[in-house]
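Spelled out from the first residue to the last, the chains are:
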Amino acid sequence: MEISPWSHLGHAVHTVSQEPDQPIPSDRPALLLVHGFGASTDHWRYNIPVLSQSHPVHAIDLLGFGRSAKPASLRYGGSLWRDQLVAYVHERIGRPTVIAGNSLGGFAALAAGAALGEDCAGVVLLNAAGPFSDEQRPPKGWGAIARQSIGTALLKSPVVQRILFENLRRPATIRRTLNQVYVDKTNVDDWLVEAIRRPSMDPGAFGVFRTVFDIPSGQPLDELFAELTAPLLLLWGIRDPWINAPGRRSTFQRHAPEATKEVVLDAGHCPHDEVPEQVNAALQEWLAELN
């Protein structure tokens, strides 16, 4: 696996890549893997070696995460990460690309896929985050508005944010959180805990964390689906406790393009790391259908 430094908007971006051992057809797409919130390229540890047997595989740390820069000057959100992925495909990959993303990375992958047009060979969403249009409406009733305003004001307190941040980056808290979202906890190991803890020790990490409470919701998923021209694969860890996966799957089914393929797995929020053999097999089968 090759570590490939790159920069976007003048800021260092950590990327890794791996090529197939054997020559492949020139028209075969590359793969770009995008992590979720708080994760990094390390979270694809069980996917890159397998998927790179048949396709060029790249993985990237979004700005603000992993080993990438965490400058205070950036406005973090979907637009920044979309543009980062689009630029990477154009500047470093240089061929049609399938973009796969987990959680927050799923939203970024979909936005980038829609923006890339013909340069996107497909999009894969693994328990993707992001709102639909009807989920962006303000709460109804003064009671709901008051509860939301009080909660938002409290979470915007620098003192509260620092307390939350210090607690969330403790190894015990990281492990407990992972155990909540992995059904099979076999891969919740010391290596993974450290891979998530390490970037949180960077000087700019707290500043990035604080922006979480002000990140704009981004373009609604249904609008992005309407703009997407590439094939779409939805990989669901159906026992994800964070997103109500069965309910969210139903919403996706109402809005996703007609030819979308779905694979449902008995897993939690990060199926690519929890059940990597199943995710790799599903991805390989779908990719073979694209060729």
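Note that this is a predicted model, so its numbers are computed, not measured.

1. Some points on the nonpolar core
In step 1: In terms of nonpolar packing, the biggest core is built from 47 residues, with L32, L125, F225 and F252 touching the most fellow members.
In step 2: Secondary-structure elements contributing two or more residues to this core are strand 5 (30–34), helix 2 (78–93), helix 3 (104–116), strand 8 (120–126), helix 9 (221–227), strand 9 (232–237) and helix 10 (245–255).
In step 3: Tallying contributions element by element places helix 3 first for this core, with 9 residues.
In step 4: Those residues in contact with L125, other than ones at most four positions away along the chain, are G101, G106, L110, F225, L232, L233, L234, L235 and F252.
In step 5: Listed in part, the 24 residues of the second largest apolar core include V16, L31, L233 and A282.

2. Here's the deal with the sheet that holds strand 9
In step 1: Spatial strand order, 1-4-6-5-7-8-9-10: 8 strands in an open sheet with mixed pairing. One side of each edge strand has no neighbouring strand; the edge strands of this open sheet are strand 1 (2–3) and strand 10 (261–265).
In step 2: Here strand 1 pairs with strand 4 (residues 15–18) via 2 bridges, running antiparallel. Paired with E2 across the two strands is S17, which belongs to strand 4.
In step 3: Contacts between helix 3 and the sheet are confined to strand 5, strand 7 (97–102) and strand 8, with strand 7 contributing the most and set at about 155° to the helix.
In step 4: Contacting strand 5, strand 7, strand 8, strand 9 and strand 10, helix 12 (residues 276–290) runs over the sheet at an angle of about 170° to strand 9.

3. Section: helix 6 (residues 171–181)
In step 1: Buried residues of helix 6: T173, I174, L178 and V181, and no others. Along helix 6, the residues classed as buried sweep out an arc of 130° about the axis, all on the same side.
In step 2: Where helix 6 is buried, its residues meet helix 5 (158–168), helix 7 (190–200) and helix 11 (271–274).

4. Looking at the pattern of salt bridges
In step 1: Enumeration according to the criterion identifies 14 salt bridges in this entry.
In step 2: Here D190 makes a salt bridge to R175, at a shortest N to O gap of 2.4 Å. Linking D190 in helix 7 with R175 in helix 6, this pair joins segments that are 15 residues apart in sequence.
In step 3: A residue is classified by how much of its surface remains accessible, and D190, at 57% relative accessible area, is exposed.
In step 4: R175 gets classed as partly exposed once you look at its relative accessible area, which sits at 28%.
In step 5: A cluster of three or more residues bridged by salt bridges with shared partners is formed by D42, R67 and R198.

5. Considerations on the packing of helix 6 against helix 7
Between two packed helices, both the angle of their axes relative to each other and the distance between the axes serve to describe the pair.
In step 1: Where helix 6 contacts helix 7, the axes come no closer than 9 Å and their chain directions differ by 115°. Our classification of the angle between helix 6 and helix 7 gives roughly perpendicular. Considering how the two elements wind past one another, helix 6 and helix 7 form a crossing that is right-handed. Residues P171, I174, R175 and L178 of helix 6 form the contact with helix 7, whose own contacting residues are D190, L192, V193, I196 and R197.
In step 2: Partitioned by chemical class, the residues of the contact of helix 6 with helix 7 number 6 nonpolar, no polar and 3 charged.

About the cut-offs
Residues numbered from 1 in each chain as written. Predicted model: local features only at pLDDT ≥ 70, side-chain atom pairs only at ≥ 80, totals over all residues. Heavy atoms only, no water. Core = buried A, V, L, I, M, F, W, Y, C linked by side-chain atoms within 4.5 Å. Buried < 20%, exposed > 50% of the residue type's maximum accessible area, 1.4 Å probe, protein only. Helix = DSSP H or I, 4+ residues; strand = E, 2+ residues; numbered from the N terminus. Contact = heavy atoms within 4.5 Å. Pairing = 2+ DSSP bridges. Axes fitted to C-alpha atoms, helices over the stretch in contact; angles between N-to-C directions. Arc of directions from axis to C-beta. Salt bridge = Lys/Arg side-chain N within 4 Å of Asp/Glu carboxyl O. Parallel < 35°, antiparallel > 145°, perpendicular 65-115°, else oblique. Left-handed = near helix turned anticlockwise from the far one by under 90°. Nonpolar A, V, L, I, M, F, W, Y, C, P; charged D, E, K, R; others polar.

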